[in-house]
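Chain residues, written in single-letter form:
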Amino acid sequence: MKSPTPLSNPLLRWLGSSLIGITASGLMLGLYARGGWAWPLGFIALVPWLITLNRASTWWQTLLSGLLMSVVFVFAVFTWFADAISVYTGISPLITLLM
């Protein structure tokens, strides 16, 4: 009798592929938010996440994907805001990022 592997579980397989798509979109959005040479990423940054969102078969998978993408988006795009608050207030950048 074979022991089940983590990849044989459809929920874990979906979560793994979703995390890859969300991470890829987050990285592209983070680079895009810094401007400069990365401006073309704005045209394709959400494509990996939208592909994984299309694979969601239930409403809770869609909700979880959207929630994770919003958290990744905030950390990828708005890190400059935490740096600005840190410089202005003198508080540690890590603390301002968590605020």
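Conventions adopted
Residues numbered from 1 in each chain as written. Predicted model: local features only at pLDDT ≥ 70, side-chain atom pairs only at ≥ 80, totals over all residues. Heavy atoms only, no water. Core = buried A, V, L, I, M, F, W, Y, C linked by side-chain atoms within 4.5 Å. Buried < 20%, exposed > 50% of the residue type's maximum accessible area, 1.4 Å probe, protein only. Contact = heavy atoms within 4.5 Å. Axes fitted to C-alpha atoms, helices over the stretch in contact; angles between N-to-C directions. Helix = DSSP H or I, 4+ residues; strand = E, 2+ residues; numbered from the N terminus. Parallel < 35°, antiparallel > 145°, perpendicular 65-115°, else oblique. Left-handed = near helix turned anticlockwise from the far one by under 90°. Nonpolar A, V, L, I, M, F, W, Y, C, P; charged D, E, K, R; others polar. 1 Å grid on protein atoms, 1.4 Å probe; cavity = no way out; pocket = protein on both sides within 12 Å on 5 of 7 lines; lining within 4 Å. Points joined across faces, edges and corners; volume = space filled by probe spheres on them.

**A few points about the nonpolar core**
Side chains of a nonpolar character, in soluble globular proteins, are inclined to be buried together.
Item 1. Within the largest apolar cluster, ten residues are counted, these being Ile22, Met28, Leu29, Ala38, Leu41, Ala45, Trp49, Met69, Ala76 and Val77.
Item 2. Excluding residues within four positions of it along the chain, Trp49 makes contact with Gly21, Ile22, Ser25, Ser65, Gly66 and Met69.

**Some remarks on the packing of helix α1 (residues 10-33) against helix α2 (residues 47-55)**
Item 1. Relative orientation of the contacting elements α1 and α2 amounts to 155 degrees, with a least axis distance of 7 Å. As far as their axial angle goes, α2 and α1 are roughly antiparallel. Our pair here, α1 against α2, has a crossing hand that is left-handed. On the side of α1, the interface is formed by Trp14, Ser17, Ser18, Gly21, Ile22, Ala24, Ser25 and Met28, while α2 contributes Val47, Pro48, Trp49, Thr52 and Arg55.
Item 2. In the contact of α1 with α2, the residues fall into seven nonpolar, five polar and one charged.

**Focus: the packing of α1 against helix α3 (residues 59-77)**
Item 1. Look at α1 against α3: their axes get within 9 Å of each other, and the N-to-C directions meet at 30 degrees. Taken as axis vectors, α1 and α3 run roughly parallel relative to one another. Considering the relative orientation of α1 and α3, their crossing is right-handed. Taken together, the residues of α3 that come into contact with α1 (itself represented by Leu11, Trp14, Leu15, Leu19, Ile22, Ser25, Gly26, Leu29, Gly30 and Ala33) are Trp60, Gln61, Leu64, Ser65, Leu68, Met69, Val72, Phe73, Ala76 and Val77.

**Quick word on the layout of surface pockets**
Item 1. Size it by volume and the largest pocket reaches roughly 170 Å³.
Item 2. Along its surface, the largest pocket is lined by Val74, Phe75, Phe78, Thr79, Phe81, Ala82, Ile85, Thr96, Leu97 and Met99.
Item 3. Elements supplying a minimum of two residues to the lining of the largest pocket: α3, α4 (79-89) and α5 (93-98).
Item 4. Considered class by class, the residues forming the lining of the largest pocket number eight nonpolar, two polar and no charged.

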